Amino acid sequence: IAQTGTGKTAAFALPILQRLASAPRSGGGAGGRRPIRVLVLSPTRELATQIGETFALFGRPLGIRHVAVYGGVSEGPQRRALRDGVDVLVATPGRLEDLQQSGAIDLRRVEVAGLDESDRMLDAGFLPTVRRILGTTPRERQTLLFSATMPDEIRTLARSVQRDAVEVHVAPVATPAERVEQTVFFVSRPSKRQLLAHLLEDPAVTRALVFTRTKRAADRIADHLSDRERVDAIHGDRSQGQRERALP
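All of the points below concern the structure found in this document. (Residues numbered from 1 in each chain as written. Predicted model: local features only at pLDDT ≥ 70, side-chain atom pairs only at ≥ 80, totals over all residues. Heavy atoms only, no water.)

Points about helix H4 (residues 93-101)
Right, so step 1: Where H4 is concerned, the buried positions are Pro93, Arg95, Leu96, Glu97, Leu99 and Gln100.
Right, so step 2: Taken together, the buried residues of H4 touch strand S1 (38-41), strand S2 (66-69), helix H3 (76-83), strand S3 (88-91), helix H5 (118-123) and helix H6 (127-134).
Right, so step 3: Directly after H4, the chain includes Gly103, whose backbone phi takes a positive value near 85°. (Buried < 20%, exposed > 50% of the residue type's maximum accessible area, 1.4 Å probe, protein only. Helix = DSSP H or I, 4+ residues; strand = E, 2+ residues; numbered from the N terminus. Contact = heavy atoms within 4.5 Å.)

Section: the packing of aromatic side chains
Right, so step 1: If you walk through the whole model with that rule in mind, you get 2 aromatic pairs.
Right, so step 2: Their ring planes at 45° and their centres at 6.4 Å tell us that Phe12 and Phe55 sit as a pair that is tilted. With a gap of 43 residues between them, Phe12 in helix H1 (residues 8-22) and Phe55 in helix H2 (residues 45-59) connect regions that are remote in the sequence. The pair Phe12 / Phe55 is uniform in exposure class, with both members buried.
Right, so step 3: Relative to Phe146, the ring of Phe12 has its centre 5.1 Å away and its plane inclined at 45°; by these criteria the two rings are tilted. (Phe/Tyr/Trp six-rings, centres within 6.5 Å; stacked < 30°, edge-to-face > 60°.)

Notes on the packing of H4 against H6
Right, so step 1: The interhelical angle for the contact between H4 and H6, taken along N-to-C directions, is 40°, at an axis separation of 10 Å. Here H4 is positioned oblique relative to H6, judged by the angle of their axes. Crossing of H4 against H6: the hand is left-handed. Residues Pro93, Leu96, Glu97 and Gln100 of H4 form the contact with H6, whose participating residues are Thr129, Val130, Arg132 and Ile133.
Right, so step 2: Residue composition of the contact of H4 with H6, grouped by class: 4 nonpolar, 2 polar and 2 charged. (Axes fitted to C-alpha atoms, helices over the stretch in contact; angles between N-to-C directions. Parallel < 35°, antiparallel > 145°, perpendicular 65-115°, else oblique. Left-handed = near helix turned anticlockwise from the far one by under 90°. Nonpolar A, V, L, I, M, F, W, Y, C, P; charged D, E, K, R; others polar.)

Quick word on the packing of H1 against H2
Right, so step 1: At a minimum axis distance of 10 Å, the contact between H1 and H2 shows a crossing angle of 40°. Comparing their axes, H2 and H1 come out oblique. Judged by the twist between their axes, the crossing of H1 over H2 is right-handed. Along its contact with H1, which presents Thr9, Phe12, Ala13, Leu14, Ile16 and Leu17, the element H2 presents Gln50, Ile51, Thr54, Phe55, Phe58 and Gly59.
Right, so step 2: Its residues assigned to classes, the contact of H1 with H2 shows 8 nonpolar, 4 polar and no charged.

Re the side chain of His235
Right, so step 1: One can find His235 in the loop between helix H9 (215-225) and helix H10 (240-246).
Right, so step 2: Residue classification places His235 among the buried residues on the basis of a relative accessible area of 11%.
Right, so step 3: Discounting residues that sit within four places of it in the chain, His235 has contacts with Lys215, Ala218, Asp219 and Arg243.

Overview of the sheet that holds strand S4 (residues 112-115)
Right, so step 1: An order of S2-S3-S1-S4-S5 is seen for the 5 strands of this open sheet, with the pairing classed as parallel. The two strands at the open ends of the sheet, each matched to only one other strand, are S2 and strand S5 (142-145). Between one strand axis and the next, the sheet turns by 15° as a mean value, whatever way the strands run.
Right, so step 2: Both S2 and S3 contribute to a ladder of 4 bridges, which runs parallel. Residue Ala68 lies in a different strand from S3, and its bridge partner there is Val90.
Right, so step 3: Lying on the sheet, H2 is in contact with S1, S2 and S3; it crosses S3 at an angle near 160°. (Pairing = 2+ DSSP bridges.)

No statement about biological role is implied by the geometric values presented.
This is the structure we're talking about:
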């Protein structure tokens, strides 16, 4: 159980890479390709990309290959990368199941399965898909489950896919990061945008992330700020290319 921003990506990526580097592959997979030994499931494309970048950064010097597969983009490049053989597969559940059904992915040699941001996968309705995917991996595997919160559904999932599990709490639930200062402004609705623009004029604010309740509101606020700030909006109606360009 760990809050976002506490370093859990490295907490599982580094031991996994050490395990792969210290234990050579025991034979090739289908067609002589290296088999998928590690599967990491993520609820979003952006998180899958971030996890993939961590494995690339630390795994490349070890000769360990990875690929991230997710929806919103063409399957072609992902299929080609899989044909070359990979050690680590990072995936969103929907795209992974699509590739499995078409025969592009074989998970029968997986040694480690990791579920990241499990509570967000619950919120997105992915748990049935996650169960089906794990059912295609070997019963003898190490299963890692990470979640900011532990609702009953996630605890039930953990009990069904893990044996003799060790539960680790990095910090109490809903604990803010130590370096985050929190301030609340009580302001009328018509004055919200003016206050936001005023706050962003502070020279100390070089980068800012603004959350809105709806996709439409995100677009409206981005338009409002575009005259004075370099601003972009990111939400579910944006293409994958637009979402990646919006992220720093």
